[in-house]
Amino acid sequence: MAERDPTCIGRVRHVLGATVTVALDPDLAGVAPIYRGRLQRVGQIGSLVRIPQGVVDLIATVGLVGIAELAGPLNPADAVQRDERWLQVELLGEIERGTGEFRRGVGTYPGLDDPVHFATPTELGSVFPAADENHVAVGVLAAAEDVPVSLDAARLVVRHSAVVGSTGSGKTSAVSSILQSLIRGGWGAANVVVVDPHGEYAAAMKDSASVRSVLAEGARRLRVPFWALPANEIVRVFTGGPGGATFANRFAELVADARRDFALDAEWLAIDPTAITADTPIPFDIRAVWHQLDAENHETRDQRDDPSTVCRIREGNAAKLQPAQCEPYGPGGRPPHKGPFHGAYQTTPDLLRLGLLNPQLRFFQEPTGQRKGADPLVSVVEEWLGGTGPVSVLDFSGVPSAAGDVAIGVVLNLLFEVAMRSEPDGAGVGRPSPVLVVLEEAHKYLGEGANELTRASANRIAREGRKYGVGVMLVTQRPTELPKTALAQCGTIVALRLSNSEDQGAIRAALPDAVAGLATVLPSLRTHEALIAGEALVLPARARLDIPSPWPSAQDPSLKPWRDKPKAPDVASALAAWRGTYDVEPEERE
């Protein structure tokens, strides 16, 4: 009598397309046999089995486990006999025994009564390559922890990806671990830009990445020059709203003139002044524009139609944001008369001034741009890309949400524009050196409620980025709030635990048909465990992700202070920060 193969777990009972039903061996103890001192989790959803077929071994993933007596008849009915334990597996590919090469898809199908084996770590090594110069390590198989899981770095970066999971499932830790693996794996000249709206990634990346914050001082300040924005977005950033139509039109007129004046004298700029509009990204003095608008909003004249008769008491100072002052207009039609724009701008010039004074928005006012020297945008974009470092963390936490969203839109738009205009064999980024943008809270920037500039820029990268070497990693807890086109563009999905049924459905729809059934385990995944599927991985896998070291600042707050001696909370500094403090004291109008 031939000795039984210790890896054999059962036999094929029926084949329906790529779905194979396997009757487990009656002598098999449970569904996790011990092989060479280790448990083989055959009965775990997502584990892999091997079905020998001559010179190839078919590889299949477990999608369903049951007992015939309890589960009822399968389709086709009665293929598995009463009291039998069974697995339902999906065929995924085959391993060439002679070369050990794995191929997606199958050329032959198993026959009835063919033996089925669990896949050993040695066999799975052909399917899941270890980390090397082309692959970045992310974890191990959940069902076989001796087998590493590594992703094809090129396909992960350029063909887009999504990391999704409910709050607390380990999304930020997963992204941090992947980025740390990139850094330690030899990609020292990478261009990874992390858009961090909550300040979580600095702790994880501080030892090996460039970290810039909008609230930092000196060299660590993240700079996003306001003059790189269209005129209407500049108003929105500093005033918190669009302003009235009269103000917006006059502001755009003055901005266009100011940009043209700068271009005429700038040594580093060669552009036809007639081609310059209010939206052309050329530096200009916004304080002078404010001063003009504010003066017009309060202007009085001795003679209504004669601008030379302005009744100005004080000229003010544009650089110091000190407003000009005019005599109050006379009652009953007596002079001084109101100027043509008196009161037409309402309170918008005052809001613009306060925005320019707000220290939380100071990052928008640097660099100012000089007429002599080099193009200031060059150094700004180099800072965004992290200089010589492989990873750049752009921390937008601590500023008003609307302003932060617009700033993120500027970064995304400018990075894409630079990549699109970089020659494949020349200098620059994109096709000559790909860029990966990690977009945390991606649903905020791609959804319908996002700022128009930000939404357009993010969706543009998702649609067209791979053509120009700009990849995006969308990180979100609500995949249903992402546009369907954006999620469809993601070549790789890393799905951690999802408890919302709608979100599970979105991921199920994004997975390949052959493994869509794996989405049923999404609500039961452990923390730091994920389903990974797509172009960066040969086969979909349920993986235990590596733990980052150091950790990001994404842990839940500790309750330890609740054990301290009771005292009244000190909220004075927080309230002062919320209310805003300004560098210049407002002057009262007389």
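Okay, so let's go over this structure. Everything numeric in this text was worked out from a predicted model, so none of it was measured.

Quick look at the overall build of the chain
Okay, so step 1: The number of helices and strands found in the chain is 16 helices and 24 strands.
Okay, so step 2: Whereas a compact globule of 590 residues would reach a radius of gyration of roughly 25 Å, the chain reaches 31 Å, over 25% beyond that.
Okay, so step 3: If you line up the chain on its principal axes, its C-alpha atoms span 115 × 65 × 45 Å.
Okay, so step 4: Once local pairs closer than 6 in sequence are excluded, the contacts in the chain between residues at least 24 apart make up 70%.
Okay, so step 5: Approximately 27,300 Å² of the chain is accessible, and the part contributed by carbon and sulfur atoms is 51%.
Okay, so step 6: Here the chain carries 58 positive and 72 negative side-chain charges, and the mean point of each set is 3 Å from the other.

Re the sheet that holds strand β22 (residues 492-495)
Okay, so step 1: Taken in spatial order, the 11 strands make up an open sheet running β11-β10-β24-β23-β22-β12-β21-β20-β13-β19-β14, and their pairing is mixed. The open sheet terminates on both sides in strands that have one partner only, identified here as β11 (148-152) and β14 (210-213). Ignoring strand direction, the axes of neighbouring strands in this sheet form an average angle of 25°.
Okay, so step 2: Where strand β12 (residues 161-164) and β22 come together, 4 bridges link them in parallel fashion. Across the sheet, residue Ser161 finds its bridge partner in β22, namely Thr492.
Okay, so step 3: Running at roughly 100° to strand β19 (residues 391-395), helix α10 (residues 376-384) makes contact with β13 (192-196), β14 and β19 of the sheet.

A word on the packing of aromatic side chains
Okay, so step 1: Applying the stated criterion to the full structure yields 9 aromatic pairs.
Okay, so step 2: Centre to centre, the rings of Phe416 and Tyr468 are 5.7 Å apart; their planes meet at 90°, and the pair counts as edge-to-face. Linking Phe416 in helix α11 (residues 401-420) with Tyr468 in the loop between α13 (452-464) and β21 (470-476), this pair joins segments that are 52 residues apart in sequence.
Okay, so step 3: Take Tyr468: its relative accessible area is 18%, and that puts it in the buried class.
Okay, so step 4: Within the aromatic cluster, the residues linked to one another by ring pairs are Phe226, Phe238, Phe284, Phe363 and Phe364.

Description of the environment of Asn413
Okay, so step 1: Note on placement: Asn413 falls in helix α11.
Okay, so step 2: C-alpha of Asn413 to C-alpha of Ala456: the two residues are 43 residues apart in sequence and 8.4 Å apart in space.
Okay, so step 3: Other than its neighbours up to four places away in sequence, Asn413 contacts Ser457 and Arg460.

A few points about the packing of helix α8 (residues 286-297) against helix α9 (residues 348-357)
Okay, so step 1: Their axes nearest at 9 Å, the elements α8 and α9 cross at an angle of 150°. Comparing the axis directions of α8 and α9 gives the class roughly antiparallel. The way α8 lies across α9 gives a crossing that is left-handed. Contact residues: α8 offers Ile286, Arg287, Trp290, Leu293, Asp294 and Asn297, while α9 offers Pro349, Asp350, Leu352, Arg353 and Leu356.
Okay, so step 2: Looking at the contact of α8 with α9 residue by residue, the class counts come to 6 nonpolar, 1 polar and 4 charged.

Some points on the pattern of salt bridges
Okay, so step 1: Taken as a whole and assessed by the stated rule, the structure comprises 25 salt bridges.
Okay, so step 2: Where Arg371 meets Asp265, a salt bridge forms, and the shortest distance between an N and an O atom there is 3.7 Å. Of the two residues, Arg371 is situated in the loop between α9 and α10 and Asp265 in helix α7 (residues 245-265); the sequence distance between them amounts to 106 residues.
Okay, so step 3: Here Arg463 and Glu464 are joined by a salt bridge, their closest N and O atoms 4.0 Å apart.

The rules behind these values
Residues numbered from 1 in each chain as written. Predicted model: local features only at pLDDT ≥ 70, side-chain atom pairs only at ≥ 80, totals over all residues. Heavy atoms only, no water. Helix = DSSP H or I, 4+ residues; strand = E, 2+ residues; numbered from the N terminus. Rg over C-alpha atoms; globule rule 2.2 N^0.38 Å. Contact = heavy atoms within 4.5 Å. Areas by Shrake-Rupley, 256 points an atom, 1.4 Å probe, with all protein chains shown as cover. Lys, Arg positive; Asp, Glu negative; His and termini not counted. Charge placed at Lys NZ, Arg CZ, Asp CG, Glu CD. Pairing = 2+ DSSP bridges. Axes fitted to C-alpha atoms, helices over the stretch in contact; angles between N-to-C directions. Phe/Tyr/Trp six-rings, centres within 6.5 Å; stacked < 30°, edge-to-face > 60°. Buried < 20%, exposed > 50% of the residue type's maximum accessible area, 1.4 Å probe, protein only. Parallel < 35°, antiparallel > 145°, perpendicular 65-115°, else oblique. Left-handed = near helix turned anticlockwise from the far one by under 90°. Nonpolar A, V, L, I, M, F, W, Y, C, P; charged D, E, K, R; others polar. Salt bridge = Lys/Arg side-chain N within 4 Å of Asp/Glu carboxyl O.

Remember that the coordinates give geometry; whether it matters functionally is a separate question.
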